[in-house]
Amino acid sequence: RQQTCACSQPMITSQTYRNILNFVMFELGWLACILLPQAWALAVVGLFLLLHFVLVSQHKLEELQFIVIGTLAGSVLDGLWLRTGILADTSGAAVVTPPWLIALWAIFMTSLNHSLKWLGRNRLVMFLIVPIAGPFAYWSASALGAVTLPSLLPSLLALAVGWLVLFPALLSLRDALYPRLAQ
């Protein structure tokens with residue numbers, strides 16, 4: 001039997017309340033990254049990540065490792081999209097992933113173990129939703145002026161393929177390396 005210290009337990013004991021808080025922090029973090037100046041967005045996401053680990057996370061070290069891996073993978077993918085012209089920042093000058101977009105990946109990764117965990121339980125639904133929801137987030141960010149999609153249809157198709165590969169890969173990685181997070 002594995003022992004855990006009280007410090008590793010979340011302050012919110014109800015899974016439903018943890019999922020609701022996680023969803024709200026993810027959505028507000030997304031809006032902060034899209035609408036606020038970069039420094040403020042990073043501060044908001046940093047605060048939300050801290051709150052997530054104090055109030056929501058049940059397996060803090062494992063979840064932190066998973067969030068770091070997923071944030072790196074997502075940031076590399078966004079960097080690739082920026083370099084190839086699938087995605088552009090509003091100045092058109094970014095060739096590396098901007099810090100606000102990296103922060104957005106970090107706050108998104110918290111949702112895979114909580115408010116979006118249900119997607120991993122039904123892979124068919126995941127394969128139907130992810131190639132729509134992922135590109136929709138980028139399209140929404142472009143409509144709000146955070147990024148541009150230089151060639152709309154090719155950009156959306158590339159984003160759909162990228163999300164269709166990355167999202168299940170992240171869930172498979174989580175399931176293999178951090179099975180407690182998938183429970």
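Throughout what follows, the structure given in this document is the object of discussion. Per chain, the residues get numbers from 1 upward, laid out in the order the sequence is written. Given that the model is predicted, a residue must reach a pLDDT of at least 70 before its local features are reported, and side-chain atom pairs must reach 80 or more before they are shown or counted; all residues, however, enter totals for whole chains, interfaces and linings. The basis for every side-chain value is the complete set of non-hydrogen atoms in the structure, without hydrogens or water.

1. Side note on the overall build of the protein
The cut-off we apply is this: A run of H or I in DSSP becomes a helix once it reaches four residues, and a run of E becomes a strand once it reaches two; helices and strands are each numbered from the N terminus. When we talk radius of gyration, it's over C-alpha atoms, and the globule rule is simply 2.2 Å times the number of residues to the 0.38. Contacts are assigned to residue pairs that have any heavy atoms within 4.5 Å of one another. Per-residue and other accessible areas were derived by the Shrake-Rupley procedure at a 1.4 Å probe size, with only the shown protein chains allowed to occlude residues. None of His or the chain ends enter the tally, which takes Lys and Arg as positive and Asp and Glu as negative. Where a charge sits is defined by one atom per residue type, namely NZ (Lys), CZ (Arg), CG (Asp) or CD (Glu).
When you go through the protein residue by residue, the secondary structure sums to eight helices and two strands. Listed by position from the N terminus, the elements making up the protein come as α-α-α-β-α-α-α-β-α-α. For the protein, whose C-alpha radius of gyration is 16 Å, the value lies close to the compact-globule estimate of 16 Å for 183 residues. Along the first, second and third principal axes, the C-alpha atoms of the protein reach 55 × 35 × 25 Å. Sequence-distant contacts, at least 24 apart, represent 75% of the contacts inside the protein between residues at least 6 apart. Counting every atom, the protein has about 9500 Å² of accessible surface; 72% of that belongs to carbon and sulfur. Of the side-chain charges in the protein, 9 are positive and 6 negative, and the distance between the mean point of each set is 12 Å.

2. Looking at the pattern of salt bridges
Under the convention used in this document: The working definition used for a salt bridge is a side-chain nitrogen of Lys or Arg within 4 Å of a carboxyl oxygen of Asp or Glu.
Evaluated as defined, the whole model comprises three salt bridges. Note that arginine 180 is salt-bridged to glutamate 62, the shortest N-O span being 3.0 Å. With a gap of 118 residues between them, arginine 180 in helix H8 (residues 179-182) and glutamate 62 in helix H3 (residues 60-84) connect regions that are remote in the sequence. Through salt bridges with shared partners, a single ionic network connects Arg123, Arg174 and Asp175.

3. Concerning the packing of aromatic side chains
Note the following rule: Note on ring pairs: Phe, Tyr and Trp rings are taken, using the six-membered ring of Trp, and paired if centres are within 6.5 Å. Classes follow the plane angle, with under 30 degrees stacked, over 60 edge-to-face and the rest tilted.
The full count for this structure, using the stated rule, is ten aromatic pairs. Ring geometry for phenylalanine 108 and tryptophan 163: centres 5.3 Å apart, planes at 75°, overall edge-to-face. With phenylalanine 108 in helix H4 (residues 99-111) and tryptophan 163 in helix H7 (residues 152-177), this pair connects stretches of sequence that are 55 residues apart. The rings of Phe26, Trp81, Trp105, Phe108, Tyr138, Trp163 and Phe167 are connected pair by pair, giving a single aromatic cluster.

4. Quick notes on the nonpolar core
Operational definition: Think of a nonpolar core as a cluster: buried Ala, Val, Leu, Ile, Met, Phe, Trp, Tyr and Cys residues, connected wherever their side-chain atoms sit within 4.5 Å. Relative accessibility under 20% of the residue-type maximum defines a buried residue, over 50% an exposed one, and the middle range a partly exposed one, all with a 1.4 Å probe and only protein chains included.
Ranked by internal contacts, the top residues of the largest apolar core, which has 47 residues, are Trp81, Leu87, Trp100, Phe108, Tyr138, Trp163 and Phe167. For this core, the secondary structure elements donating two or more residues are helix H1 (15-35), helix H2 (38-56), H3, H4, helix H6 (123-143) and H7. In terms of residues, this core owes the most to one element, H4, which gives nine residues. In this view, leucine 87 contacts Asp78, Trp81, Leu82, Leu101, Tyr138, Val147, Thr148, Leu149 and Pro150; residues no more than four positions away in its chain are not counted.

5. So, the environment of leucine 159
Assignment of secondary structure puts leucine 159 in helix H7. Its relative accessible area of 0% is what places leucine 159 among the buried residues. Separated by 26 residues in the primary sequence, leucine 159 and alanine 133 place their C-alpha atoms 10.0 Å from one another. Each residue touching leucine 159, except ones within four places of it in the same chain, is listed here: Trp81, Ile86, Pro135, Tyr138 and Leu149.

6. Side note on the side chain of arginine 18
The condition is simple: N or O atoms within 3.5 Å of each other form a polar contact, as long as, within protein, one can give a hydrogen and the other can take it, and as long as residues adjacent in sequence are counted only when both atoms are side-chain atoms.
On the secondary structure map, arginine 18 appears in helix H1. Put simply, arginine 18 is tucked away with no salt bridge, and the nearest opposite charge, on glutamate 63, sits 8.3 Å away. A polar side-chain atom of arginine 18 sits 3.2 Å from the main-chain carbonyl oxygen of isoleucine 12. Among all residues touching arginine 18, those that are not within four sequence positions of it are Pro10, Ile12, Thr13, Leu55, Val56 and Gln58.

7. Focus on a nonpolar patch on the surface
The line we're drawing: What makes a patch is a set of residues exposed beyond 30% relative accessible area and free of salt bridges, joined within 9 Å when like-charged and within 5 Å when nonpolar (Val, Leu, Ile, Met, Phe, Trp, Tyr).
Judged by side-chain polarity, Tyr17, Ile20, Phe23, Val24, Leu28, Leu31, Leu35, Leu36, Trp40 and Leu144 come together as a nonpolar surface patch covering roughly 1000 Å² of accessible area. Counting residues per element, the nonpolar patch draws most heavily on H1, at seven residues. Here tryptophan 40 is to be found in helix H2.

8. Observations regarding the packing of H1 against H4
Put simply, the rule is: Interaxial angles span 0 to 180 degrees and are taken between N-to-C directions of axes, which are lines fitted to C-alpha atoms, for helices over the stretch in contact. Roughly parallel covers angles under 35 degrees, roughly antiparallel covers those over 145, roughly perpendicular covers 65 to 115, and oblique covers all other angles. When residues are grouped by polarity, Ala, Val, Leu, Ile, Met, Phe, Trp, Tyr, Cys and Pro land in nonpolar, Asp, Glu, Lys and Arg in charged, and all others, Gly among them, in polar.
Orientation of H1 relative to H4, taken along the N-to-C sense of each, is 170°, at an axis distance of 9 Å. In terms of orientation, H1 lies roughly antiparallel with respect to H4. Along its contact with H1, which presents Asn22, Met25, Phe26, Gly29, Trp30, Cys33 and Ile34, the element H4 presents Trp100, Ala103, Leu104, Ile107, Phe108, Thr110 and Ser111. Of the residues assigned to the contact of H1 with H4, the class counts are ten nonpolar, four polar and no charged.

Such coordinate-based values are descriptive only and should not be taken to indicate function.
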